[in-house]
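An overview of the molecular structure
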Amino acid sequence: MTTDRDAPGTPATEVPGILYLRFRTVGGEPPDAVCYEELLALLGTFTPVVEAVRPDGALADVRGALRCFGRDARGLASVIRVRALALHGVDCAIGAGENPMLARAAARRAAPGTTFVVPRGTGAGFLAVEPVTALDGVGAATARTLRGYGLDSIGRIAATPLGTLQRIVGARTGRDLWERSRGIDRTAVAPDATARSITVERTFPRDELDQERQRRALLSLTEELGARMRGDGQVCRGLTVLVRHAARTGYATLSRTRTLPEPTAHSAALTGLAYRIHDSLGLQRARVRGIALRAEGLTDAERAAHQLSFDPADERARRIEAVADRLRDKYGPRAVMPGSLADP
């Protein structure tokens, strides 16, 4: 594994062409929404294959740009970093890998202002020392199951026979984990995800002070947002809460974005995050006129990595959600709803 501070003699054939960039301002904060869009546009000058990972990341497939710019991926990453810093005051930590999974893993190792490279063909060795929870598709419940069999690192999963792994976690899940532990990722950078988002909003008839009514509005919004994404076969990577409230000079809008633990369209996960973001805004005494939610970083559900879970309550909730979606399609959006949203 190498960084951009190593000797520059690595042959281009060993350096892969997928970059994952994490943006940070000089003060260490994520860029605001306007600056983030400008950074995506900057990446678009190098390659059209750019996928937004809001609120502060991006995937870029630069394989087609290497010959054009006469550089390997490390050299191209350095140029991108210099331009982002000079034009927008934003630094980058960049990971390079031969697929999106390895690029994301490399970016987690990269310090601000550096590029961490996983050379082609070394993905399995790079991942081997990582804990099992660092592997795409492994959540807390799956990790506990795997640790019960002594599989506490990605290297040990890779060394486990496929049949054994499938007996532990199931046929399809076992094969997915077996492939990922060897650095195999069948997903691709989705260039159409750069500008895709969904926004839903609620406006109160008057300034609202009641926190419970605000939470009911959030619940209604997350139910609508989740249903729309599931209907379109999409998931989101982040969620933005926007609150319009009374201020001294009229009304002001406060927004905050958080990244989900995994891409999802599950209403319960969206609701939990929306509540946490809303609480973090500290608007307990504010006169709120409207609330909006924006699903960020939309991508096709089939392309998204899903953390495997053996939680029966979670699985039951997802089955109920699927049935509710079918009933809404047949009888209308109000056919099934949470009890707290029902009219008195």
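The structure presented is a predicted model; accordingly, all values stated were derived computationally and were not measured. (Residues numbered from 1 in each chain as written. Predicted model: local features only at pLDDT ≥ 70, side-chain atom pairs only at ≥ 80, totals over all residues. Heavy atoms only, no water.)

1. Observations concerning empty space enclosed by the protein
One simple way to see leftover space: roll a probe sized like a water molecule over the atoms. In plain terms, the rule: Only protein atoms enter the 1 Å grid, on which a cavity is a set of points fitting a 1.4 Å probe that cannot get out and a pocket is an open set with protein on both sides within 12 Å along at least 5 of 7 lines, lining residues being those with an atom within 4 Å of a point. Grid points are joined across faces, edges and corners, and a volume is the space filled by probe spheres set on the points. Helix and strand labels come from DSSP, where a helix needs a run of H or I of at least four residues and a strand needs a run of E of at least two; each type is numbered from the N terminus. For this classification, the nonpolar set comprises Ala, Val, Leu, Ile, Met, Phe, Trp, Tyr, Cys and Pro, the charged set comprises Asp, Glu, Lys and Arg, and every other residue, Gly included, is treated as polar.
Counted according to the given criterion, the structure contains one cavity of 30 Å³ or more. Of the volumes computed, that of the largest cavity is approximately 40 Å³. Taken together, M101, R104, A105, R108, L127, A134, L135, D136 and I154 make up the lining of the largest cavity. Considering every element that reaches the lining of the largest cavity, the biggest residue donor is helix α4 (residues 100–109), with four residues. Of the residues in the lining of the largest cavity, the class split is six nonpolar, no polar and three charged.

2. Things to note about helix α3 (residues 73–88)
To keep things clear, this is the line we draw: Each helix should span, by expectation, one fewer than its residue count multiplied by 1.5 Å. Between buried and exposed lies partly exposed: a residue is buried under 20% and exposed over 50% of the maximum accessible area for its type, with that area taken using a 1.4 Å probe on protein chains only. Each polar contact in these results corresponds to two N or O atoms within 3.5 Å; when the atoms are within protein, one needs to be able to donate a hydrogen and the other to accept it, and residues that are neighboring in sequence are counted only if both atoms are side-chain atoms.
Between its terminal C-alpha atoms α3 stretches 22 Å, which fits the 22 Å expected from 16 residues at 1.5 Å a residue. Those residues of α3 that fall on the buried side of the exposure criterion are A73, R74, G75, L76, A77, V79, I80, R81 and A84. N-capping of α3 is provided by D72, with a side-chain oxygen placed 3.2 Å from the backbone N of R74. A positive backbone phi angle near 65° is found at G89, which sits one or two residues after α3.

3. Comments concerning the side chain of T160
Definition in use: Contacts are assigned to residue pairs that have any heavy atoms within 4.5 Å of one another.
Looking at where T160 falls in the secondary structure, it is placed in the loop between α7 (154–159) and α8 (162–169). Residue T160 is classed as buried on the basis of its relative accessible area, which comes to 8%. Within the structure, the side chain of T160 is placed 2.7 Å from the backbone oxygen of R156, a separation counted as a polar contact. Beyond its immediate sequence surroundings of up to four residues, T160 is in contact with L151, L165 and W178.

4. Here's the deal with the pattern of salt bridges
Test applied: Here a salt bridge means any side-chain nitrogen of Lys or Arg lying within 4 Å of a carboxyl oxygen belonging to Asp or Glu.
Under the definition given, this model contains 14 salt bridges. A salt bridge links E51 to R237; the nearest nitrogen and oxygen atoms lie 2.7 Å apart. Placement of E51 in strand β3 (residues 50–53) and of R237 in strand β8 (residues 234–247) is noted, with a sequence separation of 186 residues between them. Exposure remark for E51: the relative accessible area of 2% places this residue in the buried category.

5. Remarks on the packing of α8 against helix α9 (residues 171–181)
Put simply, the rule is: Angles shown run from 0 to 180 degrees and are taken between the N-to-C directions of axes, each axis being a line fitted to C-alpha atoms and, for helices, limited to the stretch in contact. When describing relative orientation, an angle under 35 degrees is termed roughly parallel and one over 145 degrees roughly antiparallel, while 65 to 115 degrees is termed roughly perpendicular and anything else oblique. Helix crossings fall into two classes, left-handed where the near helix is turned counterclockwise from the far one by less than a right angle and right-handed where it is turned clockwise.
Contact geometry for α8 and α9: axes closest at 7 Å, N-to-C directions at 130°. As summarised for this structure, α8 and α9 are arranged oblique, according to the angle between their axes. As α8 runs across α9, the sense of the crossing is right-handed. For the pair formed by α8 and α9, the contact residues are L162, L165, Q166 and V169 on the first element and A171, T173, G174, R175, L177 and W178 on the second.

6. Concerning the nonpolar core
The condition is simple: By nonpolar core we mean a set of buried residues, namely Ala, Val, Leu, Ile, Met, Phe, Trp, Tyr and Cys, connected to one another through side-chain atoms within 4.5 Å.
One finds L218, L225, M229, C236, V241, I291 and L293 to be the most contacted residues of the largest nonpolar core, which totals 29 residues. For this core, the element with the most residues is helix α10 (residues 211–232), which contributes six residues. Counting residues in each nonpolar core, the second largest holds 28 residues, with L19, A58, V62 and L66 among its members.

7. So, the packing of α10 against helix α11 (residues 267–280)
At a closest axis distance of 9 Å, the pairing of α10 and α11 adopts a crossing angle of 140°. The chirality of how α10 crosses α11 is right-handed. Counting all contacts with α10, which are made through Q211, Q214, R215, L218, L219, T222, E223, G226, A227, M229 and R230, the residues of α11 involved are S267, L270, T271, A274, Y275, H278 and D279. Of the residues that constitute the contact of α10 with α11, the class distribution is seven nonpolar, seven polar and four charged.

8. Observations regarding the pairing of strand β2 (residues 18–25)
Rules: For two strands to count as paired, DSSP must find a minimum of two bridges between them.
Two strands pair when backbone bridges link them, and β2 and strand β4 (residues 57–61) are joined in this way by five bridges, in the antiparallel orientation. The partner of L21 across the bridge, within β4, is A58. Bridge count for β2 against strand β5 (residues 90–97) is eight bridges, and the pairing is antiparallel. Across the sheet, residue T25 finds its bridge partner in β5, namely V90.

9. What to know about the packing of aromatic side chains
What counts, and what does not: Aromatic contacts are taken between Phe, Tyr and Trp rings whose centres are within 6.5 Å, Trp giving its six-membered ring; a plane angle under 30 degrees counts as stacked, one over 60 as edge-to-face, and the others as tilted. Geometrically, a lysine NZ or arginine CZ counts as sitting over a ring once it is within 6 Å of the ring centre and also within 35 degrees of the ring normal.
Taken as a whole, this structure holds three aromatic pairs when the rule is applied. Positioned above the aromatic ring of Y275, the side-chain terminus of R215 is 3.8 Å from the ring centre.

10. Structural notes on α11
Between the first and last C-alpha of α11 there are 20 Å, a value that for 14 residues agrees with the 20 Å anticipated at 1.5 Å per step. One or two steps after α11, the chain reaches G282, where phi turns positive at roughly 65°.

11. Quick word on the side chain of H278
Secondary-structure assignment places H278 in helix α11. Under the relative-accessibility criterion, H278 is labelled buried at 3%. Contacts of H278, omitting those with residues within four sequence positions, involve Q211, Q214, L218 and V243.

12. Points about the state of the cysteines
One way to say it: the disulfide is the covalent bond shared by the sulfur atoms of two cysteines. Here is the rule we go by: Any pair of cysteine sulfurs within 2.5 Å is marked as a disulfide.
On inspection of all chains with the given rule, the structure shows zero disulfides. Cysteine C35 shares no disulfide, and the gap to the nearest cysteine sulfur, in C92, comes to 9.9 Å. Under the relative-accessibility criterion, C35 is labelled buried at 11%.

13. Topic: the confidence of the model for the protein
The criterion, for reference: Per-residue confidence from the predictor is reported as pLDDT, a score between 0 and 100.
Mean pLDDT for the protein: 83, with 86% of residues reaching 70 or above. Element-level mean pLDDT values for the protein span from 52 in strand β1 (residues 2–3) up to 94 in α7. Within the model, the stretch residues 5–13 combines pLDDT values under 50 with seven contacts to residues more than four positions away or in other chains.

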